[in-house]
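Okay, here's what each chain looks like letter by letter:
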Amino acid sequence: MAVKEVTKPSKKRKHLLEHDASDLPTITVGELEMLSDEEDDTDAVSDDGEVDEFPEIDTRSDSDDSDELEGTDDEDDGEELDSDVEDDGDEDSSDADSLHVFPTAKTVVSDITGQLKRIYPEIEPDYDSDSSTEDGPNRVGNVPMHWYDDLPHIGYDIDGKKVLRPAKGDELDKFLSTVEDPSAWTSAFDKNTQMDKPLTSEELDIIRRLYAGEVPDATYNPYEPTTEWFTGKGKEEIMPLSSAPEPKRRWVPSKWEKQKVMKIVRAIRQGRIIGSKPKTTSKFSFYSIWSEPSSSHVPPLPAPKPRLPTNSESYNPPEEYLPTEEERKEWEAQEPEDREQDYLPKKYPSLRLVPAYDRFIKDRFNRQLDLYLAPRIQRTKLNVDPSTLIPKLPSPSSLKPFPNYKSLKFLHSKGRARCASVSPDGGWVISGDETGQVSLWEVNVGREIKRWNFDSKIGAVEWCPRLDVSYFVVSVEEKIHFIIPPNLPDSVLSLTQALLAPSSLPPAPKTPSPVKWFTPSTNTWSVDTPILTANMPPSSGLPIQLAWHRKGDYLASVSAGGTQGGVWIHQVPRRHSQAPFKKVKGTVQMVLFHPLKPHFFVATQQYVRIYNLSEQKLLKTLQPGIKWISSMDVHSSGDHLIVGGYDRKLCWFDLELSDKPYKILRYHTRAIRSLNFHPSYPLFASSSDDGSIQIFHSRVYNDLMTDPLIVPLKILRGHEIRDGLGVLQIKWSSRQPWLISSGADGSIAVWCS
């Protein structure tokens, strides 16, 4: 080995060194051999029992004068020593360099013993070291690492200094690192160091074996041959395990067991023990409870936690939590559900003086209710502004004209104004009440022109829609009267009389009708008496509704009784009446003619049926979902129908769309009594027993893809509620956006725009 630095010894020490060096044998690294105790040590060099003496310690070597003495030595001697040492070092270094086993060492003279010694360089821990054998820098021990989640460090090293958390990239950085590094899959995340740690080949082999379902230990053989310890030739057991003689009970029957068996047999014979029933032959059915696919629903929510106690519930609360005497009296006077707290804070001097909890049972019961009523699923709450759910409707001021105030009022002082009708020109109104009085009055000024009195109450009044003639019909008990109003022009009067009372009667139909038509003689004609009367069949009851065909030739009536459902269709020019239905399911409430097609609407208690009169078949059955239908009306286009009921519902039907309602409106607080479309304006109105009239804008478009526009415009209030009844009937003026309403208070009101 090479010697880098050699100190100069003194003369006496130099002489001793030369003597010792001549006695020391030359040792090379290649000749080193370590023998164990069991090996033969005959070849080893023995010390022959001699003990080397420890050299004396020169105390002068520790003093400062030694340096001076060394400096005064002969230079020639020092050079000779150096040359000898260098020769020895060259031999040693050549051997070490060939093996590269030990690092290069220094040969120096010890200051204490005065002998030569070799000094090796210090080992650098960070240089050429295997990190797999080193301990981790984090010395926190076996503690949960989530304690350091909110801290910038992950533990402490051996010196007690904080080990900072390594920087982490995002998911994209992790993905790029796996793409760039092909061996990234051979590392695992170490929670202790918070970074990826490469796995060794042994660990990867263990993981592979575990994943394949094999034994983790590669050296373990699960199929080793069985070692037979007690079987096989020469290994049989000859000596018994016990030398005790075999007991007598092994072959002699037991008398005690016989007694027990006989006791059971006697009990079975006496019927005290009944055997089990024989098993049924039917096989037990098994159900695979795991065959169903796993649910994708989120797990149920955890149960709500009970409320934690506050300072006021302490046995020794602060003074500010204790109630005063006035607060105590006020709390005791309140109802239990109105109290902010269900207890009053109390103060006790010690915990042992606190009494038993008096509300324990009640609190446990309330807690059980909380657990029972806890939501089982999680519902996402939508943060929606309620104002955005309201549809954007046009302003009512832009949809004028529509009625918005009461223009005049006509009064029936004796009874309820049950019905009203407006003439086709819009200038006259006919109204009837329950006392049998029918009044004709003018719309513009409300002046009564004529009054007729009948024996029974009025069921319905209706004006003929024809413009070339002028007359109206009034229904009373089992009769329908045709009346001509006064003050008609001569041409209109003569044409009306020729229509209702022609000089030559039409031929009688082949099948006689139970409805009898009667016309008084021309000598008795007057304004006070009807010009034509249709006598309904006996026990048919009061006709409660009249409906004209758009041409004015046919009149439909609905009676309260009768065998044919009370529906009759009267052909006025031919004076012929017929019942279109032999049998009707349910009680007929109302009928209507289609304004354009030969269709007939029949409303029973819960359904609306549409019939084709020309083909005599049922076309469609509408299902409004109303418990009891009270009224209906059809739009002038014939494609839309509104139906009202006593359960406050209004259903809008699009006849081309479906048999279910297109829209259901609920805005009245009590039963709906009457509905009516305006014949020319986009308006419709509804009246109810709550005394109000609702005006709506109802625009219908020719485009089938565009929905109707329904906008509420005005609520009209002016009728009083009598005996639970409000506004009984409403009718529109044919030429003006005016509305006529009749109420249970006996008044007829005209609402103008």
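Computed from a predicted structure; not experimentally measured. By convention here, each chain's residues receive numbers from 1 onward along its written sequence. Local features in this predicted model are restricted to residues whose pLDDT is 70 or higher, and side-chain atom pairs enter the listing and the counts only when it is 80 or higher, whereas totals over whole chains, interfaces and linings include all residues. Excluded from the side-chain calculation are hydrogens and water; included are all heavy atoms of the structure.

**Focus: the overall build of the chain**
(1) Moving on: Of regular secondary structure, the chain possesses 10 helices and 35 strands.
(2) Moving on: Looking at the chain as a whole, 32% of its 753 residues qualify as buried.
(3) Moving on: Once local pairs closer than 6 in sequence are excluded, the contacts in the chain between residues at least 24 apart make up 49%.
(4) Moving on: Carbon and sulfur atoms provide 53% of the accessible area of the chain, an area that totals close to 52,700 Å². Put simply, DSSP H or I for four residues or longer makes a helix, DSSP E for two residues or longer makes a strand, and each gets a number counted from the N terminus. Any residue under 20% of the maximum accessible area for its type is buried, any over 50% is exposed, and the rest in between are partly exposed; the area is computed with a 1.4 Å probe on protein chains only. Any two residues whose heavy atoms approach within 4.5 Å at even a single point are treated as in contact. All accessibility values rest on the Shrake-Rupley procedure with a 1.4 Å probe; residue burial counts only the protein chains present in the view.

**Topic: a positive patch on the surface**
(1) Moving on: Within this analysis, patches are made of residues with over 30% relative accessible area and no salt bridge. Like charges are joined at 9 Å or less; nonpolar side chains (Val, Leu, Ile, Met, Phe, Trp, Tyr) at 5 Å or less. Take a side-chain nitrogen of Lys or Arg and a carboxyl oxygen of Asp or Glu: if they are within 4 Å of each other, that pair is a salt bridge. Positive charges are assigned to Lys and Arg, negative charges to Asp and Glu, while His and the chain termini are left out of the count. Every charge is mapped to an atom, namely NZ of Lys, CZ of Arg, CG of Asp or CD of Glu. On the surface, Lys263, Arg266, Arg269 and Arg272 cluster together into a positively charged patch.
(2) Moving on: If you trace the backbone, Arg272 turns up in the loop between α6 (255-270) and α7 (325-333).
(3) Moving on: Relative accessible area serves as the criterion here: at 57%, Arg272 is assigned to the exposed category.

**Regarding the sheet that holds strand β21 (residues 590-593)**
(1) Moving on: For two strands to count as paired, DSSP must find a minimum of two bridges between them. What the 4 strands build is an open sheet, ordered β21-β22-β23-β24; its pairing is antiparallel. Across the chains shown, the open sheet's two edge strands, defined by having one partner strand only, are β21 and β24 (617-622). Taking each pair of neighbouring strands and ignoring which way they run, the sheet shows an average axis angle of 20°.
(2) Moving on: Across 5 bridges, strand β23 (residues 608-612) lies against β24 in antiparallel orientation. Residue Arg609 lies in a different strand from β24, and its bridge partner there is Thr621. Helix axes use the C-alpha atoms of the stretch in contact, all axes being lines fitted to C-alpha atoms, and the angles between their N-to-C directions lie in the range 0 to 180 degrees.

**Side note on the sheet that holds strand β34 (residues 739-743)**
(1) Moving on: If you walk across this open sheet you meet the 4 strands as β7-β35-β34-β33, and the pairing is antiparallel. The sheet is open, and its two edges are formed by β7 (405-411) and β33 (727-732), each paired on a single side. Ignoring which end each strand starts from, the neighbouring axes of this sheet average 20° apart.
(2) Moving on: Two strands pair when backbone bridges link them, and β33 and β34 are joined in this way by 5 bridges, in the antiparallel orientation. Counted as the bridge partner of Lys731 is Ile740 from β34.

**Comments concerning the packing of aromatic side chains**
(1) Moving on: A pair of Phe, Tyr and Trp rings is counted when the ring centres sit within 6.5 Å of each other, with Trp represented by its six-membered ring. The angle between the planes then sorts it: under 30 degrees is stacked, over 60 is edge-to-face, the rest tilted. As enumerated under the stated definition, the model contains 15 aromatic pairs in all.
(2) Moving on: Relative to Phe472, the ring of Trp452 has its centre 5.5 Å away and its plane inclined at 70°; by these criteria the two rings are edge-to-face. Here Trp452 is found in strand β11 (residues 448-453), whereas its partner Phe472 is found in strand β13 (residues 472-476), with 20 residues between them in sequence.
(3) Moving on: The class for Trp452 is buried, based on a relative accessible area of 2%.
(4) Moving on: Residues Phe581 and Tyr611 carry aromatic rings whose centres are separated by 4.8 Å and whose planes lie at 55° to one another, so their mutual orientation is tilted. Highlighted residues: Phe581 in the loop between β20 (576-578) and β21 and Tyr611 in strand β23, separated in sequence by 30 residues. Residues Phe581 and Tyr611 agree in their burial class; the two are buried.
(5) Moving on: Put simply, the rings of Trp652, Tyr667, Phe677, Phe684 and Phe696 pair up and form one aromatic cluster.
(6) Moving on: Sitting over the ring of Trp331, Arg339 keeps its end group 4.0 Å from the ring centre.
(7) Moving on: Cation over ring: Lys663 sits above Tyr662, and NZ or CZ is 5.2 Å from the ring centre. Two limits define a charge over a ring: the Lys NZ or Arg CZ must be within 6 Å of the ring centre, and within 35 degrees of the ring normal.

**Quick word on the pairing of β13**
(1) Moving on: Burial within β13 is extensive, with 5 of its 5 residues counted as buried.
(2) Moving on: Residues Phe472, Val474 and Val476 of β13 are buried on one face, and the alternating residues Val473 and Ser475, pointing to the opposite face, are buried as well.
(3) Moving on: Judged from the 4 bridges that link them, strand β12 (residues 460-463) and β13 form a sheet pairing that is antiparallel. Note on β13: the bridge partner recorded for Glu462 is Val473.

**Observations concerning the side chain of Ser577**
(1) Moving on: Take Ser577: it is sitting in strand β20.
(2) Moving on: The exposure class of Ser577 is buried, given its relative accessible area of 2%.
(3) Moving on: Identification of polar contacts relies on pairs of N or O atoms within 3.5 Å, with a donor-acceptor requirement for protein atoms, meaning one able to donate a hydrogen and the other able to accept it, and with residues adjacent in sequence counted only if both atoms are side-chain atoms. In this structure the side chain of Ser577 is engaged in a polar contact, spanning 3.3 Å, whose partner is the side chain of Trp517.
(4) Moving on: Each residue touching Ser577, except ones within four places of it in the same chain, is listed here: Ser513, Val515, Trp517, Trp568, Ile569 and His570.

**Observations regarding the pattern of salt bridges**
(1) Moving on: Taken as a whole and judged by the stated rule, the model has 19 salt bridges.
(2) Moving on: Between Arg208 and Asp205 there is a salt bridge, with the nearest N and O atoms lying 3.2 Å from each other. Here Asp205 and Arg208 lie together in helix α5 (residues 201-211), a separation of 3 residues that amounts to about one turn.
(3) Moving on: A salt bridge links Glu246 to Arg250, with the shortest nitrogen-to-oxygen separation between them at 3.8 Å.
(4) Moving on: Arg250 gets classed as exposed once you look at its relative accessible area, which sits at 57%.
(5) Moving on: Linked by salt bridges that have partners in common, Asp205, Arg208, Arg209 and Glu214 make up one network.

**Thoughts on α6**
(1) Moving on: Taking 1.5 Å of rise per residue, 16 residues should cover 22 Å, and α6 covers 23 Å from first to last C-alpha, within 8% of that figure.
(2) Moving on: Counted residue by residue, α6 has 1 buried out of 16 residues, so it is predominantly exposed.
(3) Moving on: Capping the start of α6 is the job of one residue whose side-chain oxygen sits 3.5 Å from the backbone nitrogen of Trp256: Ser254.
(4) Moving on: Backbone geometry just downstream of α6 places Gly271 in the positive-phi region, at approximately 90°. Here, expected helix span is obtained from the residue count minus one, scaled by 1.5 Å.

**Digging into a negative patch on the surface**
(1) Moving on: The grouping of Glu325, Glu326, Glu327, Glu330 and Glu332 at the surface amounts to a negative patch.
(2) Moving on: Along the chain, the position of Glu326 falls in helix α7.

**Description of the confidence of the model for the chain**
(1) Moving on: What pLDDT conveys is the predictor's confidence in a given residue, as a value from 0 to 100. Across the chain, the average pLDDT comes to 80, with 81% of residues at or above 70.
(2) Moving on: In this model residues 1-52 is a low-confidence stretch, pLDDT under 50, and it forms 51 contacts with partners more than four residues away in sequence or in other chains.

**Brief notes about unusual backbone geometry**
(1) Moving on: Note the cis peptide between Lys400 and Pro401, where omega equals 10°.
(2) Moving on: Turning to its location among the elements, Pro401 is positioned in the loop between α9 (386-389) and β7.
(3) Moving on: In this structure, Ser539 takes a positive phi of about 60° despite not being glycine.
(4) Moving on: You can see Ser539 is positioned in the loop between β16 (532-535) and β17 (543-548).
(5) Moving on: A relative accessible area of 62% places Ser539 in the exposed class.
(6) Moving on: At Asp723, a residue that is not glycine, the phi angle is positive and equals roughly 55°.
(7) Moving on: Note that Asp723 resides in the loop between β32 (709-717) and β33.

**Here we look at the nonpolar core**
(1) Moving on: Among buried residues, the Ala, Val, Leu, Ile, Met, Phe, Trp, Tyr and Cys ones that are joined through side-chain atoms within 4.5 Å form a nonpolar core. Tyr471, Val473, Ile480, Phe482, Leu500, Trp548 and Leu555 are the most contacted members of the largest nonpolar core, which has 23 residues in total.
(2) Moving on: Those elements giving two or more residues to this core turn out to be β14 (479-483), α10 (490-500), β16 and β17.
(3) Moving on: In this structure Leu500 touches Tyr471, Phe482, Ile484, Thr519, Ile531, Leu532, Val572 and Arg575, once residues within four positions along its chain are discounted.
(4) Moving on: Listed in part, the 16 residues of the second largest apolar core include Met590, Phe601, Leu641 and Leu655.

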